[in-house]
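Report on the structure
Residues per chain are reported as follows:
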Amino acid sequence: MESRGSHRRVGVFGWGIVAPKSANIEAFATNLAVGGSWLEPFNGFGPDNFLVGRPAFDFHAYKPWIDQRFLPGRYPQLVDKMDQPTQFAIGAFIQALGQNPGLEKELHDLGTAAHIYVGTGLGAIGTSNEAALELHRAQRAWDRFWSEPEHNRTFAAWLTRPFDPPDPDVPAAPDTVEPNERERAEEAWWHFWAGRSPQLQEFLAAAREIEGLAVQGDVAAGKMSVMKEKERRRKRLQKEWGAPDPPWTRVTPNLLWNIHNTPASQISMLGKITGLAFAPVGACSTFGLTLKLAIDAIQRGEAKAVVIGAADPPPHPLTVGAFYRAKVIAADGRVSKPLTELRGTHVSGGAAIWIVGDLEYFRSRGMRPLGLEPLAVGMSSDADHIITPSREGPLTAMRSAFAASGIDPSEVTTWDLHATATPGDFQEVDNLRAIVPDAVLVTARKGTFGHGMGAAGGWELTAQYLGYERGLIFPTPLSEGELNVEIARAHSAFAFDDACPASPTGIAGKLSMGVGGINACILSRPYGD
C-alpha cells in the first residue's frame, strides 16, 4: 500500500518506556490494561498536598548490557556523572533495541544514515539544584571568611570608625534587620566586605600565579605534570591562609555533562551511532517534534533510521513548585482527572524512546513494525501566550497534519488529547469538534501517569499504539459520571474506565500542546499490509 504524500513510509521498530509505576515497556502495557491512576503522594517539601508520577526505574538493570559492550569503568561513570533524565533515556533506548533482533547492529552499520533526536522537557533539574545549593553554601563560607576582621584589614579599620564619615554603600548590619530577613542581610554584609579585603586580593594574586603555569615540552606528558603541580600548589595556598574552598572549586562539572543534548549524545556513544545527534526541545510537544523531524529526514532520504524521544527528571520541589506558581497543578491530595473538575495536572518524570525507520528498508531486513504507522506530524506555534493555548494554533497544527497525510477527518476513529485537567481541556475538545465528527472516540490519559514535560506525549502516543496493536483502546481513569458538563455538551464519545475495541482500519489522532504555544498533531493508521 503506497502512502499518501510520499514514496517512503515510516514504521516504528523499537520502543522503550520509563514511566510512573512502569520500569519498562512491558510493565507499561500491563498497567495500561489494568487502568486506574499511577500517581502517588509527593511529600517533597516535607508533608504536602501534591500527587506526582514518580518513575519506576533501576539503572542497575541495564548494567549487564553495558558491561557486555564496554570496559568495566563505563557503567560507574554513567552512574556518577549522568543525571536521571539521561539514565532514563539510556534504559528506554536499550529496551527499544530489544524489540527487533539485529536492530542494534543495523543502527551501527547505517553509519551517518542513523540519527538521534532525543530532547528533554526540563533538563537535569537534580544536578542543577544540587550544584546551586553547594555553590550557595560555599559562597557564604567564602564571603564570611574574607569579611572577618582578621582576614580583612579594611573591615578591621572600619570597625574603629564606622561613622567617620558615614558610607552610604555599606549594607545594613545583620543584627539590625528583622529576623526573617537576617539570612539575606548576612550574605549581603559578608559579600560587601569580602570584596574589600586586601588579604583576599593577595590570595587571588597567588592563585593567578598558580593558574598561569603553562605546559612545557611534550604536550601529553606536560599536561599531566602541570595539572598535578597546580593541584599541589593550590592545596598549599589553602593551607597557608586557612581559607575555605573557593566557591568556583565547589561547582560540579556534572553541570556540563548533563546539558540538554546529553541523552542524545549518550545514546550515540552507547549505540555506536555516528549520524546526526541533537536535542529538539518543544516543551510538552517535544515527542511529536522529534517524530516530525524523523519522518522528514527519512522521507528526504537523509536517514534510514532515527532514535527519537524525550526524557524528564523525577518530580522535584523546583518543578512542583513552579507548576504550582504557574497555577496549572492540583494541590488538594486527590487525583485530578482530565475532562472533569479541571483542578490542574500532576508532575511526572521518565522517558519515552522510539526507533523509527524506513518501513520498506527495515522490513526487507526481516524486522517487524510495531503499533501503528505514523503518517504525518503537523506543527504550529500559537504566537500568543506562554501557557494558555489559543484556538487557532492547535487547529493550524491539526489542519497541517491532515493536509500532509492526505487523510480526511471523516476517517478518524479515535483521538488522544493533551488534556491537562485545566480549563484548557474545554477549548481543546471544542477545537477538535471543529475538525472531526462527534463519533470519534476521545482519550485523555494524564490522570493515569501525570504530566512529564517532554515524555508525556510519548507515553500517550505509545499507549495509543500499544492499544491498536492489541485491537483495543486502553481504559482511562475517567468514569462517565465524572465528565465535565460543558465538555459533555461539546462532544459525546469518550473512553472511560473500561477498555473498548479499536477500529482495525481507522485513523488515530493525537495532539500535544506545549508551554510557549508549541503544538504537535500526529496522525497514524494500522499498517494494513
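Residues numbered from 1 in each chain as written. Predicted model: local features only at pLDDT ≥ 70, side-chain atom pairs only at ≥ 80, totals over all residues. Heavy atoms only, no water.

What follows is about the packing of helix α1 (residues 25-34) against helix α19 (residues 456-469). Running from N to C, α1 and α19 cross one another at 70°; their axes reach a closest spacing of 11 Å. Comparing the axis directions of α1 and α19 gives the class roughly perpendicular. In this structure, α1 contributes I25, F28, A29 and L32 to the contact, and α19 contributes W459, T462, A463 and L466. Here the contact of α1 with α19 is built from residues that sort into 7 nonpolar, 1 polar and no charged. (Axes fitted to C-alpha atoms, helices over the stretch in contact; angles between N-to-C directions. Helix = DSSP H or I, 4+ residues; strand = E, 2+ residues; numbered from the N terminus. Parallel < 35°, antiparallel > 145°, perpendicular 65-115°, else oblique. Contact = heavy atoms within 4.5 Å. Nonpolar A, V, L, I, M, F, W, Y, C, P; charged D, E, K, R; others polar.)

So, on to the layout of surface pockets. Counted as a void, the largest pocket has a volume near 420 Å³. Looking at the lining of the largest pocket, the elements that each hand over two or more residues are α14 (317-325), α17 (424-433) and β13 (507-514). Per-element accounting of the lining of the largest pocket gives the leading share, 3 residues, to α17. Class assignment of the residues belonging to the lining of the largest pocket gives a composition of 13 nonpolar, 12 polar and 4 charged. Taken as a whole, the second largest pocket spans an internal volume of roughly 350 Å³. Around the second largest pocket, the lining is made up of 14 residues, and of these E211, R234, P246, W248 and T249 lie nearest the centre. (1 Å grid on protein atoms, 1.4 Å probe; cavity = no way out; pocket = protein on both sides within 12 Å on 5 of 7 lines; lining within 4 Å. Points joined across faces, edges and corners; volume = space filled by probe spheres on them.)

With that settled, the discussion passes to the packing of helix α6 (residues 125-147) against helix α8 (residues 182-194). Taken N-terminus to C-terminus, the directions of α6 and α8 make an angle of 55°; their axes are 8 Å apart at the nearest point. The angle between α6 and α8 falls in the class oblique. The chirality of how α6 crosses α8 is left-handed. Taken together, the residues of α8 that come into contact with α6 (itself represented by H136, Q139, R140, D143, R144, W146 and S147) are E183, E186, E187, W190, H191, W193 and A194. In terms of residue class, the contact of α6 with α8 is built from 4 nonpolar, 4 polar and 6 charged. (Left-handed = near helix turned anticlockwise from the far one by under 90°.)

Quick look at helix α9 (residues 198-211) now. Over its 14 residues, α9 runs 20 Å from end to end, which matches the ideal 20 Å to within 8%, given 1.5 Å per residue. Inspection of α9 places Q199, L200, F203, A207 and I210 among the buried residues, and these make up the whole buried set. All buried residues of α9 lie within an arc of 100° about the axis, which places them on one face of the element. Along α9, exposed side chains directed more than 90 degrees from the buried face belong to R208 and E209. Near the N-terminus of α9, the side chain that reaches the backbone nitrogen of Q199, with its oxygen 3.3 Å away, is that of S197. (Expected span 1.5 Å × (residues − 1). Buried < 20%, exposed > 50% of the residue type's maximum accessible area, 1.4 Å probe, protein only. Arc of directions from axis to C-beta. Polar contact = N/O pair within 3.5 Å; in protein donor to acceptor, adjacent residues only side chain to side chain.)

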